[in-house]
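# Breakdown of the fold
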Amino acid sequence: MSMAYEEYMRQLIQPMRTELTQAGFQELLTAEDVEAFMENVEGTTLVVINSVCGCAAGLARPAVTQSIMVNDNTPDQLVTVFAGQEKEATAKMREYFVGYEPSSPSMALLKGKEVVHFIPRQEIEGNTIEGIMENLKNAFEAHCKE
């Protein structure tokens, strides 16, 4: 890949990364980052599989960032991997989503290492921000007790 292409992609996706990191999400950039995080994880974790697609920009990221801001019960940890960018990190994280097909964007709520709620692309694309926020709110209330 040319350096010009790599720089273009880096600049293009930076705002997509920043939208989540400013909301408190920790980026896991390598498979080793994912392993280290998951090896020691406790409590609840919301994992966002980020993406450059329109439904990530118009629905997934706004819904998840707003959900974190407006709900009293929220996960203990917030992490994200970027599909198509950090391919090894994304593949490693998906190994923990046993029984769920790869989907970008998507969101997984974990208790420890176990997925207790999953929102695939099919439940994001064509939905509303409010609908996704309600889905997250219900998951947080069920699994992220204060």
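Scroll up to find the structure.
Everything numeric in this text was worked out from a predicted model, so none of it was measured.

Bringing the packing of helix 2 (residues 31-39) against helix 4 (residues 87-94) into the picture now. Contact pair helix 2 / helix 4: the axes reach a minimum separation of 7 Å and the direction vectors enclose 35 degrees. Along the contact surface, helix 2 presents Ala31, Val34, Glu35 and Met38, while helix 4 presents Glu88, Ala89, Lys92 and Met93. When grouped by side-chain class, the residues that make up the contact of helix 2 with helix 4 number 5 nonpolar, no polar and 3 charged.

It is worth spelling out the pairing of strand 3 (residues 77-82) at this point. Counting buried residues in strand 3 gives 5 out of 6 residues, a clear majority hidden from the surface. Taken together, the 2 bridges between strand 1 (residues 26-27) and strand 3 define a ladder with parallel strand orientation. If you follow Glu27 over to strand 3, its bridge partner there is Thr80. Taken together, the 6 bridges between strand 2 (residues 44-50) and strand 3 define a ladder with parallel strand orientation. Bridging from a neighbouring strand, Asn50 pairs with Phe82 of strand 3.

Okay, the side chain of Ser67 next. You can see Ser67 is positioned in helix 3 (residues 54-70). Filtering out sequence-adjacent residues up to four positions away, Ser67 remains in contact with Thr74, Met133, Leu136 and Phe140.

On to the packing of aromatic side chains, then. Counted according to the given criterion, the structure contains 2 aromatic pairs. When the centroid spacing of 5.7 Å and the interplanar angle of 65 degrees are considered together, the rings of Phe97 and Phe118 count as edge-to-face. Linking Phe97 in the loop between helix 4 and strand 4 (106-111) with Phe118 in strand 5 (residues 114-119), this pair joins segments that are 21 residues apart in sequence. Taking relative accessible area as the criterion, Phe97 reaches 4% and is therefore assigned buried. The buried category is assigned to Phe118, whose relative accessible area is 11%. The rings of Phe97, Tyr100 and Phe118 are connected pair by pair, giving a single aromatic cluster.

A separate point is a nonpolar patch on the surface. Side chains of Tyr5, Tyr8 and Leu12 sit close together on the surface and give an oily, nonpolar patch of about 310 Å² of accessible area. Examined against the element boundaries, Tyr5 turns out to sit in helix 1 (residues 3-21).

Rules of the game
- Residues numbered from 1 in each chain as written.
- Predicted model: local features only at pLDDT ≥ 70, side-chain atom pairs only at ≥ 80, totals over all residues.
- Heavy atoms only, no water.
- Axes fitted to C-alpha atoms, helices over the stretch in contact; angles between N-to-C directions.
- Helix = DSSP H or I, 4+ residues; strand = E, 2+ residues; numbered from the N terminus.
- Contact = heavy atoms within 4.5 Å.
- Nonpolar A, V, L, I, M, F, W, Y, C, P; charged D, E, K, R; others polar.
- Buried < 20%, exposed > 50% of the residue type's maximum accessible area, 1.4 Å probe, protein only.
- Pairing = 2+ DSSP bridges.
- Phe/Tyr/Trp six-rings, centres within 6.5 Å; stacked < 30°, edge-to-face > 60°.
- Patch = residues over 30% accessible without salt bridge, like charges linked within 9 Å, V, L, I, M, F, W, Y side chains within 5 Å.
- Areas by Shrake-Rupley, 256 points an atom, 1.4 Å probe, with all protein chains shown as cover.
- Salt bridge = Lys/Arg side-chain N within 4 Å of Asp/Glu carboxyl O.

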